[in-house]
Amino acid sequence: MYVVPPPPPQRSDPGSSGDLRVYQTWKANNIFFLQGRVIFGPDVRSLGLTILLILVPIIIFCVFIARKLMDDFSHHFGISIMVVAVVFTAYDLVLLLLTSGRDPGIIPRNVHPPEPEGFDSNTDTGAGQTPQLRLARIKEVEVNGIMVKIKYCDTCMLYRPPRCSHCSICNNCVERFDHHCPWVGQCIGLRNYRFFFMFVFSTTLLCIYVFAFCWVYIRRIMDSEETTIWKAMIKTPASIVLIIYTFIAMWFVGGLTAFHLYLISTNQTTYENFRYRYDRRANPYNKGVVENFKEIFCSSIPPSKNNFRAKVPKEPALPTRPAGGGFMSPNMGKAVDDIEMGRKTVWGDMGTAADRCEEQLTGNERVNVKEGELGELSPDIRTAVDDMERPVVHPRRSSWGRKSGSWEMSPEVLALAARVGDSNRAGGGSSSSNLTTENRHT
């Protein structure tokens, strides 16, 4: 039987891994700019649409409304209408970029799953025992005297802190996760919620500002030409377009502002409000209206837990575990460190077992095989075969490649049996129905 030779060892360039930075090997769906200094969500293209929805109406307002109001009002007041519109728009865009282009509070992923509670690596288990230490799907922690459930994240391989959730769009666990906003192309979390609210609120004020001065301009036309409101509106179609546009936008951003004012006053997130409904039970995070507003606007923003421009460190070697130290993920039906039956052994283990068997067969020993079963072998050969058939615990290895319920003999054992049979036939042994072993020459 032909056995595939082991693959040649791959030589890694020691200098190549050290040159990579964290943002270049980032496993989530984020998009980076300026060599990792700016981080966006995967839907960053929507940010361009949002900028256009802000800039285009303001340009129309400055060209067709504010410029003409400068002539109708006194010098300083007329210029201030234009200046306020431009400055307020720039301020609004800065808040938009601060919301979209920063780390919202991403929790770094673990390289390996955490150890199960109660796991003792020194525990001596029998060879036939298979303890399954399953990670708990849900844990309970106490927050301000109230028990709060936290969940295990299979993607990030960690227990999420309270108020943390995994964003399916960015593929990150985000602290104090509020929601993923497609208009800014980023998750809204602990580190950018303040800027998000200020952006929505300033956009609402900007809509009100443009809406109001469009009506002021129509009123000036009515007074100067002593005409009706309908004829005045016909003479300034730009004002009509902006009034309709800002009226619709005010319902959207204004309603969003009011909703988040309610969330801030009760210290909730959008995710918690739609999922947990704290009005039906106690909210462990509510500190009162004043303290809740201070927490959002007066507290310092914590630093990012990720240094995207740092060089990727070399991954340390996995710590070895004794047999029986496997554990199972809470969501996966198979063990993370499970026992694999009949799997393809690593080349080092295979070579060792095969060498031991070949040493036993180099003498004048001949063995007959009956119907694929091994007969009376010498104790050393039987020990080697038993070692290859015995389940082996492989720390940090998964059994996704094996079909459930498949207990076929591994190719290495079949190769060993064929090799023993060939040696038997070469020696001109006895009948295939009997197993005979010749004595060694002294």
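See the structure printed just above.
These lines cover the structure that appears in this document, whether it is placed above or below. Throughout, residues of each chain are indexed from 1 in the direction in which the sequence is written. Residue-level local features of this predicted model are given only where pLDDT is at least 70; pairs of side-chain atoms are given and counted only at 80 or more, and the full residue set underlies all totals for whole chains, interfaces and linings. Computation of side-chain values: all heavy atoms of the structure, hydrogens and water removed.

1. Focus: the pattern of salt bridges
Salt bridge, as applied in this entry: a Lys or Arg side-chain nitrogen positioned within 4 Å of an Asp or Glu carboxyl oxygen. Considering all chains together, one arrives at six salt bridges under this definition. The shortest N-O distance in the salt bridge between Lys-235 and Glu-225 comes to 1.9 Å. Of the two residues, Lys-235 sits in helix H5 (residues 229-235) while Glu-225 sits in helix H4 (residues 193-225), which places them 10 residues apart along the sequence. Burial status follows relative accessibility: with a 1.4 Å probe on protein chains alone, a residue under 20% of its type maximum counts as buried, one over 50% as exposed, and anything between as partly exposed. Note on Glu-225: relative accessible area 41%, which makes it partly exposed. A salt bridge links Glu-295 to Lys-287; the nearest nitrogen and oxygen atoms lie 3.3 Å apart. Under the DSSP-based scheme used, a helix requires at least four consecutive residues in state H or I and a strand at least two consecutive residues in state E, with every element numbered from the N terminus.

2. Here we look at the layout of surface pockets
Grid points spaced at 1 Å over the protein atoms alone were grouped into cavities, where a 1.4 Å probe fits but cannot get out, and pockets, open sets with protein on both sides within 12 Å along at least five of seven lines, with lining residues defined by an atom within 4 Å of a point. Grid points are joined across faces, edges and corners, and a volume is the space filled by probe spheres set on the points. Estimates place the volume of the largest pocket at around 700 Å³. What lines the largest pocket is a set of 24 residues, and nearest its centre among them are Thr-25, Lys-27, Arg-109, Val-111 and Val-312. Considered class by class, the residues forming the lining of the largest pocket number 11 nonpolar, seven polar and six charged. Charged residues are taken to be Asp, Glu, Lys and Arg, nonpolar residues to be Ala, Val, Leu, Ile, Met, Phe, Trp, Tyr, Cys and Pro, and polar residues to be all remaining types, Gly included.

3. Overview of the packing of aromatic side chains
The pairing test for Phe, Tyr and Trp rings, Trp by its six-membered ring, is centres within 6.5 Å, and the orientation test on the planes gives stacked under 30 degrees, edge-to-face over 60, and tilted for anything in between. Taken as a whole and assessed by the stated rule, the structure comprises 17 aromatic pairs. Seen in terms of ring centroids, Phe-197 and Phe-201 are 6.2 Å apart; in terms of plane orientation they differ by 5°. Their pairing is stacked. In this pair, Phe-197 and Phe-201 both sit in helix H4, four residues apart, roughly one turn of the helix. With relative accessibility at 7%, the residue Phe-197 sits in the buried group. Seen in terms of ring centroids, Phe-247 and Trp-251 are 6.2 Å apart; in terms of plane orientation they differ by 80°. Their pairing is edge-to-face.

4. Digging into the sheet that holds strand E5 (residues 146-153)
Between any two strands, at least two bridges found by DSSP are needed for them to pair. Spatially, the three strands line up as an open sheet ordered E4-E5-E6, and their pairing is antiparallel. Because the sheet does not close on itself, it has two edges, and the strands there are strand E4 (138-143) and strand E6 (158-159). Pairing of E5 with E6 involves two bridges; the strand directions are antiparallel. Bridge pairing in E6 places Cys-153 opposite Leu-158.

5. Points about the packing of helix H2 (residues 45-72) against helix H6 (residues 237-266)
Each axis is a line fitted through C-alpha atoms, and for a helix only the stretch in contact is used; angles between axes span 0 to 180 degrees, taken between their N-to-C directions. The N-to-C vectors of H2 and H6 enclose an angle of 145°; their axes lie 10 Å apart at closest approach. In this structure, H2 meets H6 at a crossing whose hand is left-handed. Residues Leu-53, Pro-57, Ile-60, Phe-61, Phe-64 and Ile-65 of H2 pack against Ala-238, Ser-239, Leu-242 and Tyr-245 of H6. Of the residues contributing to the contact of H2 with H6, the split by class is nine nonpolar, one polar and no charged. Crossing chirality is assigned from the near helix's rotation relative to the far helix, an anticlockwise turn below a right angle marking it left-handed and a clockwise turn marking it right-handed. Should any heavy atoms of two residues lie within 4.5 Å, those residues are considered in contact.

6. Digging into the nonpolar core
Burial of nonpolar side chains together is a common tendency in soluble globular proteins. Definition used in this section: a nonpolar core is a set of buried Ala, Val, Leu, Ile, Met, Phe, Trp, Tyr and Cys residues joined via side-chain atoms within 4.5 Å. Counting 46 residues, the largest nonpolar core has Phe-61, Ile-65, Ile-81, Phe-199 and Cys-214 as its most contacted members. For this core, the elements supplying multiple residues, two or more each, are strand E2 (38-40), H2, helix H3 (75-100), H4, H5 and H6. Counting residues per element, this core draws most heavily on H4, at 16 residues. Beyond its immediate chain neighbours, meaning those up to four positions away, Ile-81 contacts Phe-61, Ala-66, Leu-69, Phe-73, Tyr-209 and Phe-213. One finds Tyr-23, Trp-26, Phe-32 and Phe-308 within the second-largest nonpolar core, a separate group that totals seven residues.

7. Quick word on the packing of H6 against helix H8 (residues 289-297)
The N-to-C vectors of H6 and H8 enclose an angle of 110°; their axes lie 7 Å apart at closest approach. The orientation of H6 with respect to H8, classified from their angle, is roughly perpendicular. The residues of H8 that touch H6, namely those facing Leu-261, Ile-264, Ser-265 and Thr-266, are Val-289, Asn-292, Phe-293, Ile-296 and Phe-297. Oblique is the label for any angle not under 35 degrees, not over 145, and not in the 65 to 115 range, which are roughly parallel, roughly antiparallel and roughly perpendicular in turn.

8. Points about the side chain of Asn-172
Residue position: Asn-172 is located in strand E8 (residues 172-174). The exposure class assigned to Asn-172 is buried, which follows from its relative accessible area of 3%. For Asn-172, the side chain forms a polar contact with the main-chain oxygen of Cys-170, separated by 3.5 Å. When near neighbours in sequence (up to four residues on either side) are disregarded, Asn-172 contacts Trp-26, Ala-28, Asn-30, Ile-106, Arg-109, Ser-165, His-166 and Cys-167. For the purposes of these results, a polar contact is taken to be a pair of N or O atoms within 3.5 Å, where, inside protein, one atom must be able to donate a hydrogen and its partner to accept one; residues adjacent in sequence count only when each atom of the pair is a side-chain atom.

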